[in-house]
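In case you want the letters, here they are:
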Amino acid sequence: MAASLTPRKALNTALLTLGYALLGAFVLFPIYWIFTMSLKEFGDIIAYPPRFSFVPTFENYREVLFGNEADQAGGVMPDLLRFLRNSVIISSGAVLLSVILGLPAAYALARGEAKRANRARFTILSFRFAPELAIILPLYAFYTRTGLYDSYVGMILVHQLITLPLMILILMSFIRDIPIEIEEAARIDGAGPLTILLQIIVPIAKPGLASAMIIAFIFSWNNLIFGLVLAGGETRPITMGILQAMTFDQIKWGLMAAAAMVSAVPGMIASILFQRQITRGLTLGAVK
Amino acid sequence: MASVVIDNVRKAFGQVEVIKGVSLDIAEGEFVALVGPSGCGKSTLLRMIAGLEAVSDGEIRIGDRVVNDIEPKDRDVAMVFQSYALYPHMTVAENLSFALRLKKTARDKVDSRVDHAARMLGLADLLQRLPRQLSGGQRQRVAMGRALVRNPQVFLFDEPLSNLDAKLRVQMRAEIKKLHQSLKVTTVYVTHDQMEAMTLADRVVVLQGGVIEQAGRPLDLYDRPANAFVAGFIGSPAMNLLSGRISADGADFEFSPQTKLSLPEPLRPFAGRPVTLGVRPEHLNVAKDAKGAPAKALVIEPTGAETHAVLDLGGRELTTVFRERIPIAPGEIVAMSIAPGAVHLFDPASGQRI
């Protein structure tokens, strides 16, 4: 009996492994392709059939980060580091503001009356599935009139559409997992609502807070449309920086690939360092 | 230390009333156990004393202060939860000192009180551990310690031993009793286990359906239950409750015209009346070759000190407990009789003692 099961088990394992490999290739191949593209010279990039072996060059990265002295305009993309800095300011600011606003909101919703909380939850969720394009034009009009256009404050505010719902939803599920008796014990021990939130809830929900912050940061970092429409020369984020490789007369694929790789670095570092928290945050409620 | 007065208190969740007018005076230093089946309202009542549930109607006083609208943190009560509700991110020492630190108690005073409680409960070596590094029994002790260091007016216990295994439960039960005897703090203790209530409390309050069925000293409840519910709830194995009637001459209890059990003393005032007869298992005597109603042994359960037996008498199952070694086998017919002075009579309609 056991002997007949073993080959079958082995086959299952093999099929599963193959499935994972295919899935992995599907996800990773584009990254691999862009990475190799960023190391190619222009001739290698446009070669047909595609070249898998080539002499790597770091020229694209050099130009993307430090400009090209041969170019009289000082290079096509001399500003990538500034775009990077903008993105860091916008995404960090957006996440920080979302923590300040979202933490009390998530706590109130997690502990409030279930029916009303679920309705509020749905409303918050709807901010996530409304396409940004649908609201970007009125927002543009509003931003130009209020002076929020091309300002860090404006960008951080509009990024709340991305980060705040994520923050609230993820934190809400984490806080709901904390037994209510712990809070009741604290209430009897002499703690008021703010003490409970800061000294009991936050320390216990710290892993949840971490994953919510990381996920919100990555989503905010990857946003293109707000930067495209609402940011001007001063505040353009890194996603706009990549587009600088599309010039008036040509698309500089090598520069674009190198810029894309640079912009992906924070996300990659976060994914590797905080894999566990991110998985938990993204799959909340899926496994109970 | 303070008294607790519960004055005609009601609690409704929406349309559903779970506490239907309860009044209870708990004296300073008294240990009161609230006991009853699940859903009887005992935990709700305790949570109202703690301030975790609002009082719908009536008044709760701690000492001479009405506490209806006072926040839990200002009531000066300490509570031990069934789930212990320890702060998982704090060490044992931090758990114990949390309340004192919130009150901005002086550092050396906090330390000495934590130290005192830890030694009292055998936690001295565990102070730097986190709750998840403790066994169930140790967590339970931390929960008690957290209440202890507060030096509160009232201790509230919500089924504190339910999550422990049987042996530890008996051990902790004795410790709680010892603790109360040395500290003499007013204590309200909720449990569904009547044995826990009986062994621990100065006074046992039996609740059912949101009302008090009976409140009294443990042995008073056992010896003179006010109604059939209390009679059946207090005591293990439970009292035998049989419906039937007293015979016309008052000498027998009749299950049916065919089946009779003779009463130890005649009950002429009740002659001919339908009643519910209550007899504790230890007051049902069984013997071979003796006078009595013929009962058939169904199940024999020797526990060592005593033997429990379930017998069939005219189609009714009766439980008996005896300490003698009587060799009965299942299926055997034995003579059954009631010990003198051991009959409880209840009204079959109202369930009240008559």
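Q: What should I look at first to understand the domain arrangement of chain B in this one?
A: A common measure of how large an interface is: the accessible area buried when the components associate. Residue and element names in this part refer to chain B. In terms of domains, chain B is made up of domain 1 (4-233) and domain 2 (240-346). One C-alpha centre belongs to domain 1, the other to domain 2, and the line joining them spans 40 Å. Contact residues are listed per partner, giving 9 residues for domain 1 and 5 residues for domain 2. At the boundary of domain 1 with domain 2, total buried surface from both sides reaches about 560 Å², with 58% on carbon and sulfur atoms. Contact with domain 2 buries area across many residues of domain 1, yet Tyr222, Ala228 and Ala231 alone supply 68% of it, more than any other trio. On inspection of domain 1 and its partner domain 2, the count reaches 0 salt bridges. Where domain 1 meets domain 2, there are 2 residue pairs in polar contact (both at pLDDT 80 or more). Looking at the side of domain 1 that touches domain 2, the elements with two or more residues in it are α7 (218-223) and α8 (228-233). Considering only residue class, the side of domain 1 that touches domain 2 consists of 6 nonpolar, 2 polar and 1 charged.

Q: Before we go on, may I ask you to explain the pairing of strand β3 (residues 31-35) of chain B in this structure?
A: If a strand is regular, its side chains alternate between the two faces of the sheet. All names here are of chain B. Among the 5 residues of β3, 5 are classified as buried, and the element is accordingly described as predominantly covered. Residues Phe31, Ala33 and Val35 of β3 are buried on one face, and the alternating residues Val32 and Leu34, pointing to the opposite face, are buried as well. In the sheet, β3 pairs with strand β8 (residues 186-191) via 5 bridges, with the strands oriented parallel. By the bridge assignment for β8, valine 32 is matched with valine 188. Summarising the sheet, β3 and strand β9 (residues 203-208) pair through 4 bridges and their orientation is parallel. Residue pairing for β9: alanine 33 is matched across the bridge by valine 204.

Q: Would you mind going over the interface of chain B and chain A with me for this structure?
A: Facing the 23 residues of chain B at the interface are 16 residues of chain A. Both sides of the chain B and chain A interface together cover about 1600 Å² of buried area, and 64% of this is carbon and sulfur. Inspection of the chain B/chain A interface yields 2 salt bridges. The residue arginine 150 of chain B makes a salt bridge to aspartate 189 of chain A at a minimum N-O spacing of 3.2 Å. At the surface where chain B touches chain A, the tally comes to 8 residue pairs in polar contact (both at pLDDT 80 or more). If you list the elements that add at least two residues to the side of chain B that touches chain A, you get α1 (42-50), β6 (77-80), α2 (92-102) and α4 (136-150) of chain B. Along the lines of polarity and charge, the residues of the side of chain B that touches chain A split into 15 nonpolar, 3 polar and 5 charged.

Q: Teacher, can you tell me more about a nonpolar patch on the surface here?
A: All names here are of chain A. A cluster of nonpolar side chains, namely Phe26, Val27, Leu28, Ile31, Met268 and Ile272, defines an oily patch on the protein surface of about 620 Å² accessible area. Examining the composition of the nonpolar patch, we find that 4 residues originate from one element, helix α1 (residues 2-38), more than from any other. Note that phenylalanine 26 resides in helix α1.

Q: What is the right way to look at empty space enclosed by the protein in this model?
A: On inspection of all chains with the given rule, the structure shows 3 cavities of 30 Å³ or more. The calculated volume of the largest cavity comes to roughly 90 Å³. Around the largest cavity, the lining residues are Phe31, Met144, Ala147, Leu148, Phe155, Phe157, Ile176, Leu179, His180, Leu183, Val185 and Thr187 of chain B. Looking at which element gives the most residues to the lining of the largest cavity, the answer is helix α5 (residues 166-183) of chain B, with 4 residues. Its residues placed into classes, the lining of the largest cavity shows 10 nonpolar, 2 polar and no charged. One number sums up the size of the second largest cavity: a volume of about 40 Å³. Elements with a contribution of two residues or more to the lining of the second largest cavity: α9 (180-189) of chain A together with β6 and α4 of chain B. With 3 residues, the top contributor of residues to the lining of the second largest cavity is α9 of chain A. A class-by-class count of the residues in the lining of the second largest cavity yields 6 nonpolar, no polar and 2 charged.

Q: What am I meant to see in the side chain of threonine 57 of chain A here?
A: All names here are of chain A. Summarising the element assignment, threonine 57 is placed in the loop between α2 (42-46) and α3 (59-66). In this structure the side chain of threonine 57 is engaged in a polar contact, spanning 3.0 Å, whose partner is the backbone nitrogen of glutamate 59. Filtering out sequence-adjacent residues up to four positions away, threonine 57 remains in contact with Ser38, Leu39, Lys40 and Glu41.

Q: Teacher, can you tell me more about the sheet that holds strand β4 (residues 57-62) of chain B here?
A: Within a sheet, neighbouring strands are paired by backbone hydrogen bonds and run either parallel or antiparallel to one another. Residues and elements named next belong to chain B. Ordered in space as β2-β1-β4-β5, the 4 strands form an open sheet in which the pairing is antiparallel. Sheet topology places β2 (16-26) and β5 (65-66) at the edges, where each strand pairs with a single neighbour. Strand direction decides the pairing type here: β4 and β5, joined by 2 bridges, are antiparallel. Looking across to β5, one finds that isoleucine 62 is bridged to arginine 65. Where α1 meets the sheet, its contacts fall on β1 (4-13), β2 and β4, and the angle it forms with β1 comes to roughly 115 degrees.

Q: Looking at this model, I keep getting lost on unusual backbone geometry. Mind explaining?
A: Both trends apply: most residues other than glycine have a negative phi, and most peptide bonds are in trans. Cis geometry marks the peptide bond from tyrosine 48 of chain A to proline 49 of chain A, where omega comes out at 0 degrees. Checked against the element boundaries, proline 49 of chain A lands in the loop between α2 and α3. With an omega of -5 degrees, the peptide bond between serine 236 of chain B and proline 237 of chain B qualifies as cis. In this structure, aspartate 150 of chain A takes a positive phi of about 55 degrees despite not being glycine. You will see that tyrosine 84 of chain B, though not glycine, has its phi angle at about 70 degrees, which is positive. If you trace the backbone, tyrosine 84 of chain B turns up in the loop between β6 and α2. Judged by relative accessible area, which is 7%, tyrosine 84 of chain B ranks as buried.

Q: What should I look at first to understand the packing of helix α11 (residues 206-221) of chain A against helix α15 (residues 275-282) of chain A in this one?
A: Relative placement of two packed helices is described by the angle separating their axes and the distance separating the axes. All names here are of chain A. Here α11 crosses α15 at 85 degrees, and the two axes come no closer than 8 Å. Here α15 runs roughly perpendicular to α11, going by the angle between their axes. Contact residues: Pro207, Ala210, Ser211, Ile214, Ile215 and Ile218 in α11; Gln277, Ile278, Gly281 and Leu282 in α15.

Q: What exactly am I supposed to notice about the domain arrangement of chain A here?
A: Residues and elements named next belong to chain A. Partitioning chain A into structural domains gives domain 1 (2-66) and domain 2 (80-282). The C-alpha centroid of domain 2 is placed 30 Å from the C-alpha centroid of domain 1. Contact with domain 1, which involves 12 residues of that partner, is made by 14 residues of domain 2. When the two sides are added together, the surface that domain 1 and domain 2 hide from each other amounts to roughly 1100 Å², 84% of it contributed by carbon and sulfur.

Q: Just checking my understanding: could you explain the packing of aromatic side chains for this structure?
A: Under the defined criterion, the tally for this structure stands at 12 aromatic pairs over all chains. Here the aromatic rings of phenylalanine 29 of chain A and tyrosine 32 of chain A are separated by 5.8 Å at their centres, their planes lie at 40 degrees, and the arrangement is tilted. Here phenylalanine 29 of chain A pairs with tyrosine 32 of chain A, and both are found in helix α1, just 3 residues apart, close to one helical turn. A residue is classified by how much of its surface remains accessible, and phenylalanine 29 of chain A, at 44% relative accessible area, is partly exposed. Here tyrosine 140 of chain A and tyrosine 149 of chain A contribute two aromatic rings whose centre-to-centre distance is 5.8 Å and whose plane-to-plane angle is 90 degrees, an arrangement assigned as edge-to-face. One aromatic cluster in this structure is built from Phe29, Tyr32, Trp33 and Phe52 of chain A. Over the face of the ring belonging to tryptophan 33 of chain A we find lysine 40 of chain A, whose NZ or CZ atom lies 4.4 Å from the ring centre. Of note, arginine 280 of chain B hangs over the ring of tyrosine 222 of chain B, and the distance from its end group to the ring centre comes to 3.8 Å.

About the cut-offs
- Residues numbered from 1 in each chain as written.
- Chains lettered and ligands numbered in written order.
- Predicted model: local features only at pLDDT ≥ 70, side-chain atom pairs only at ≥ 80, totals over all residues.
- Heavy atoms only, no water.
- Domains from an automatic or database assignment.
- Contact = heavy atoms within 4.5 Å.
- Buried area = accessible area lost by both parts, 1.4 Å probe.
- Salt bridge = Lys/Arg side-chain N within 4 Å of Asp/Glu carboxyl O.
- Polar contact = N/O pair within 3.5 Å; in protein donor to acceptor, adjacent residues only side chain to side chain.
- Helix = DSSP H or I, 4+ residues; strand = E, 2+ residues; numbered from the N terminus.
- Nonpolar A, V, L, I, M, F, W, Y, C, P; charged D, E, K, R; others polar.
- Buried < 20%, exposed > 50% of the residue type's maximum accessible area, 1.4 Å probe, protein only.
- Pairing = 2+ DSSP bridges.
- Patch = residues over 30% accessible without salt bridge, like charges linked within 9 Å, V, L, I, M, F, W, Y side chains within 5 Å.
- Areas by Shrake-Rupley, 256 points an atom, 1.4 Å probe, with all protein chains shown as cover.
- 1 Å grid on protein atoms, 1.4 Å probe; cavity = no way out; pocket = protein on both sides within 12 Å on 5 of 7 lines; lining within 4 Å.
- Points joined across faces, edges and corners; volume = space filled by probe spheres on them.
- Axes fitted to C-alpha atoms, helices over the stretch in contact; angles between N-to-C directions.
- Parallel < 35°, antiparallel > 145°, perpendicular 65-115°, else oblique.
- Phe/Tyr/Trp six-rings, centres within 6.5 Å; stacked < 30°, edge-to-face > 60°.
- Lys NZ or Arg CZ within 6 Å of the ring centre and 35° of its normal.

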